[in-house]
Amino acid sequence: MVLQISIEPNAVVCQSAKIELSSASDFPGDQNETLVIRLTIGTGNIFHPNAQLYIVPPTLSGTGTLSENNQDLFVSIGANNLFEEQSCLTFDLSDVSVEKHSEGKSALPLLGSYNQCLASSQIRCSSIGNANIFYAKCSIAADEIKNGNIFQAYSLLQRNRRAKIDFQEKVIYRAGDSGVCKIRNHSDGIQKNISECSLLLRATRKILMQHHRMS
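Residues numbered from 1 in each chain as written. Predicted model: local features only at pLDDT ≥ 70, side-chain atom pairs only at ≥ 80, totals over all residues. Heavy atoms only, no water.

Caption draft 1: Structural detail: unusual backbone geometry. Although it is not a glycine, Ala-131 sits at a positive phi angle of roughly 60°. Mapped onto the elements, Ala-131 comes out in the loop between strand E13 (127-128) and strand E14 (133-134). Under the relative-accessibility criterion, Ala-131 is labelled buried at 0%. Not every positive phi belongs to a glycine, and Lys-137 is a case in point at roughly 65°. Relative to the assigned elements, Lys-137 resides in the loop between E14 and strand E15 (139-141). (Helix = DSSP H or I, 4+ residues; strand = E, 2+ residues; numbered from the N terminus. Buried < 20%, exposed > 50% of the residue type's maximum accessible area, 1.4 Å probe, protein only.)

Caption draft 2: View of the pattern of salt bridges. Per the stated rule, a full pass over the model turns up 3 salt bridges. Residues Asp-72 and Arg-38 are paired through a salt bridge, measuring 2.7 Å at the closest nitrogen-oxygen approach. With a gap of 34 residues between them, Asp-72 in the loop between strand E6 (52-56) and strand E7 (73-77) and Arg-38 in strand E4 (residues 36-41) connect regions that are remote in the sequence. A salt bridge links Lys-146 to Asp-166; the nearest nitrogen and oxygen atoms lie 2.8 Å apart. Taken as a pair, Lys-146 in the loop between strand E16 (144-145) and strand E17 (150-151) and Asp-166 in the loop between strand E18 (156-157) and strand E19 (170-174) lie far apart in primary sequence, 20 residues in all. (Salt bridge = Lys/Arg side-chain N within 4 Å of Asp/Glu carboxyl O.)

Caption draft 3: Local environment of the environment of Leu-89. Considering the arrangement of structural elements, one finds Leu-89 in strand E9 (residues 88-92). On the basis of relative accessible area, Leu-89 is assigned to the buried category, the value being 1%. Between the alpha carbons of Leu-89 and Leu-53 there is a distance of 4.8 Å; along the sequence they are 36 residues apart. Leaving out residues up to four positions away in the same chain, Leu-89 has contacts with Gln-52, Leu-53, Tyr-54, Phe-83, Leu-111, Cys-117, Ile-123 and Ile-128. (Contact = heavy atoms within 4.5 Å.)

Caption draft 4: Looking closely at the pairing of E7. Counting buried positions along E7 yields 4 of 5 residues, so the element is predominantly enclosed. Bridge analysis of E4 against E7 gives 5 bridges, and the strand direction is parallel. Paired with Arg-38 across the bridge in E7 is Phe-74. Note that E7 and strand E10 (residues 108-111) share 3 bridges and pair parallel. (Pairing = 2+ DSSP bridges.)

Keep in mind these values describe shape, not function.
This is the structure:
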């Protein structure tokens, strides 16, 4: 199994950043060893040193069934996302159908645009939309995260398939020392988060290119 990465112009990827397939121990089922996953990283993305992005590939069973003819899976990262040091983002594609996103068809968007994954944040899901902020040391597991959300520092959410949350312009925060997370609405969350991300991207790009090795 191979991951091929294409980086569009004006994206900044530090040499020590990790963008790769998840370890075999993280695979939930049998894999197609001949599968090629083709990842496009859009323009304007910034990967700090030691930022991590992993992909769990589709399985050979269930909704991820492959046809007899081997096909490449095309996936994409949108534009202008920020990945800070030690952030770890894992996309679980174990239930994805390769046929729907093979050559000549639309790429599967793993991540939209204007998202921030701040230092030591841990996120695992199947897809993320636009303009979300994952603050430092949050730990989030969900099926799908939509747009305009804020996950505050140290917030903790485990995947719950029986009580799905509609992650659309929400703020998830930790209530006191109890460890319990609460959720409230985030008015105009998409636009607010885009504005904040744009400022950080402009401030960060020049510094990284001057002081770190690029891939």
